[in-house]
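Structure at a glance
Here is what each chain is made of, one letter per residue.
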Amino acid sequence: MLTFVLIHGSWHDGSAWNPVALHLQSLGHQVFTPTMVGHGKGVEKAGVTHARCTASIVDYIVKKDLDNFVLVGHSFGGTIVCKMAEFMPERIRRMVFWNAFVLKDGNSLNDECPPHYRDLFDRVVLDSPDYTVMLPFSIWKDAFINDADPQLAKAAYDTLSAEPYMPFQEKLDLKRFYSLEIPRSYLNCMQDIALPPGEWGWHPRMSSRLGSFRLVEMPGSHEVLFTNPRGLAQKLIEGGRD
Amino acid sequence: MLTFVLIHGSWHDGSAWNPVALHLQSLGHQVFTPTMVGHGKGVEKAGVTHARCTASIVDYIVKKDLDNFVLVGHSFGGTIVCKMAEFMPERIRRMVFWNAFVLKDGNSLNDECPPHYRDLFDRVVLDSPDYTVMLPFSIWKDAFINDADPQLAKAAYDTLSAEPYMPFQEKLDLKRFYSLEIPRSYLNCMQDIALPPGEWGWHPRMSSRLGSFRLVEMPGSHEVLFTNPRGLAQKLIEGGRD
Amino acid sequence: MLTFVLIHGSWHDGSAWNPVALHLQSLGHQVFTPTMVGHGKGVEKAGVTHARCTASIVDYIVKKDLDNFVLVGHSFGGTIVCKMAEFMPERIRRMVFWNAFVLKDGNSLNDECPPHYRDLFDRVVLDSPDYTVMLPFSIWKDAFINDADPQLAKAAYDTLSAEPYMPFQEKLDLKRFYSLEIPRSYLNCMQDIALPPGEWGWHPRMSSRLGSFRLVEMPGSHEVLFTNPRGLAQKLIEGGRD
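Parameters at a glance
Residues numbered from 1 in each chain as written. Chains lettered and ligands numbered in written order. Predicted model: local features only at pLDDT ≥ 70, side-chain atom pairs only at ≥ 80, totals over all residues. Core = buried A, V, L, I, M, F, W, Y, C linked by C-beta atoms within 7 Å. Buried ≥ 20, exposed ≤ 12 C-beta atoms within 10 Å, placed from the backbone. Contact = placed C-beta atoms within 7 Å. Nonpolar A, V, L, I, M, F, W, Y, C, P; charged D, E, K, R; others polar. Helix = DSSP H or I, 4+ residues; strand = E, 2+ residues; numbered from the N terminus. Pairing = 2+ DSSP bridges. Right-handed = clockwise from strand over helix to strand, strands pointing away. Least-squares fit on C-alpha atoms with pLDDT ≥ 70 in both. Axes fitted to C-alpha atoms, helices over the stretch in contact; angles between N-to-C directions.

Another point: the nonpolar core. Membership of the largest hydrophobic core comes to 222 residues, with the highest contact counts inside it found for Val72 of chain A, Val72 of chain B together with Val72 of chain C. Beyond its immediate chain neighbours, meaning those up to four positions away, Val72 of chain B contacts Phe4, Val5, Leu6, Ile7, Val96, Trp98 and Leu236 of chain B.

All right, on to the interface of chain A and chain C then. Listed per partner, the contact involves eleven residues of chain A and 13 residues of chain C. Of the residues that constitute the side of chain A that touches chain C, the class distribution is four nonpolar, three polar and four charged.

This next bit is on the pairing of strand E1 (residues 3–7) of chain C. Note on strand geometry: in a regular strand, side chains alternate between the two faces of the sheet. Residues and elements named next belong to chain C. The buried fraction of E1 amounts to four of the five residues, a majority that puts the element mostly inside the structure. Across three bridges, E1 lies against strand E2 (residues 30–32) in parallel orientation. When the bridges of E2 are listed, Val5 appears paired with Phe32. In terms of handedness, the path from E1 via helix H1 (residues 18–26) over to E2 forms a crossover that is right-handed. Direction of pairing for E1 relative to strand E3 (residues 69–74): parallel, over a ladder of four bridges. Note that in E3 the partner of Val5 across the bridge is Leu71.

Further remarks concern the relation of the copies chain A and chain C. When chain A is fitted to chain C, the best match, at an RMSD of 0.0 Å, comes from turning it 120° and sliding it 0.0 Å along the axis. Seen this way, the second copy is the image of the first under a three-fold rotation axis. If distances are taken from each C-alpha of chain A to the rotation axis, the shortest is found for Gly198 of chain A, at 5.6 Å.

Pairing between the strands of a sheet is mediated by backbone hydrogen bonds and can be parallel or antiparallel. Residues and elements named next belong to chain C. In space, the six strands of this open sheet follow the order E2-E1-E3-E4-E7-E8, with parallel pairing throughout. Each edge of the open sheet is held by one strand with a lone partner, namely E2 and strand E8 (214–218). Ignoring strand direction, the axes of neighbouring strands in this sheet form an average angle of 20°. Examined bridge by bridge, E3 and strand E4 (residues 92–98) share six bridges and lie parallel to one another. By the bridge assignment, Phe69 is partnered in E4 with Ile92. On the sheet, helix H10 (residues 229–240) packs against E1, E3, E4, strand E7 (184–189) and E8 and is oriented at approximately 170° with respect to E8.

This is how it looks when you write it as structure tokens:
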């Protein structure tokens, strides 16, 4: 049996993993789903940096004294798990990147996004009182949760909250991460077009940066944690096992 | 419940959709499957242009006074639905491109085909009495309907008819189409090699031109309307819903 | 009913096909699974060349007087079936390349491998008493048999044996192969990362060299002959039929 630490992506908080966590627990695994600082509804978001996001999760791990766990990062969460690995490599049994950013050393998340996303967020943030960006519903429905019916797309959207924008813009030093030899997997959802397939796509663009890695794939969108939590749980196990 | 207008591709006519239409109707949807001028067996094919193909379908829509429909284009039919959208954008609820051509403004279909196809058709048309091209059975069997057993491949081939060649060669002005904001989806059959995967492939080459779009994928060849009509109907709904 | 000749890849011998052969036979097909010279456990491996590998299989075919068969090559076996086709084109009904090398004329297998594999093998062979290379278990587990649980990954690894290295390095004249018109199929396992997806991937890089070919795909890794022999048998039939 494994211990999973599941790190959410942008606009999400830890509770988005609840249905996945249930399936993993029912199969006997331990699951932890921390929420990064500045994420979720009703919390202060101004001034949140990438370093503070990472630190809030590292603090959670240390306080709970978690060890020998499978560390899963989804989407933006990929940038967090890379920094976590730099701080506590000896605690991590394996890393699983689920349609996650694996930034080149020195890049920001925005550096790895297609121009139309950057332009959109640069515009949207100007109207924000707390330097956050929200994802428009039309993009959510067609590019993020394209395998949901309209009811589910709406219900899942209602759980999202505005995302602090600075962590998208900050350039990350990942030299230490790229020197680590923690085993790693990439889980690719085959209809995920949150990043457009091809030149800007998740796989193999991001996955190939992991060097030697295990590939796991499944059908579905960027948001199978809503549309197919049971299938996602199964694939996290296939990605996370030794 | 949705209204579907299904636009066939080259060598096909509207009756090729019949099994798909049955499945859609059995689920409560309305379905229309017009045949373009110059398509089908036993009709005059000489002198058929792209504009006449489009006009014959526009005329059908207007006479039936169809409105608020999901407009599906398959293969060559993608070039027709783009022009239709220019003429009647307000009638279209959503466009679904199923392994369909989405031409760059100013290109012909031939401009977007690999050289071996163009060369083949340029040769074949010279032997034709009415400036049409037929698809050789060997290409049909291995590159178009590669998921059929030999009996089905043959039976389906027998329903095809020669294709007017001018519409492949005519360059299309699509500036208006590219200015429209009709919601759109791309349905990609994952073993479709009617266009060879990679540099000349359907997806993401064609799909990425749609800007913001919904991606839907399914297993199968370019001709799942013959090999898996029920599965295709399901995916047309996933692509066509709001 | 078809006759199959199944040609194994590197580190394998003919017995690796046994579970697949059983499924094919239970469906009424004839199956032959020869082992190349220098392959398998407990045999002399020093001095084995690509030409000797091919000759050992050609000899097998001639002695058994096999004819009108579907010739399947897996991985390195792709290079063998291309040379076999040059020597006995009239005996082959169809070729099926299953995640197999289709070398450019004049290339060696190493020429078509990503640098990190070449570097690894160049290092490993120096420690070998008989100029062979073994595949490290960590690469086997994550990049070759990534769809197996740890027990199956280990059990399958124990059936492997060291691979003569010269056949990876020898440049092959394939002009005659590329002039042949034997019908051909490419079977691609969709999670096969034995060659990393993208620039160095199997499909469409290798498959596109076949000219007109039938594409068949299935889920799974480079080693579905261990993880899903029944599914592989089904897909070999879809690839092998007329």
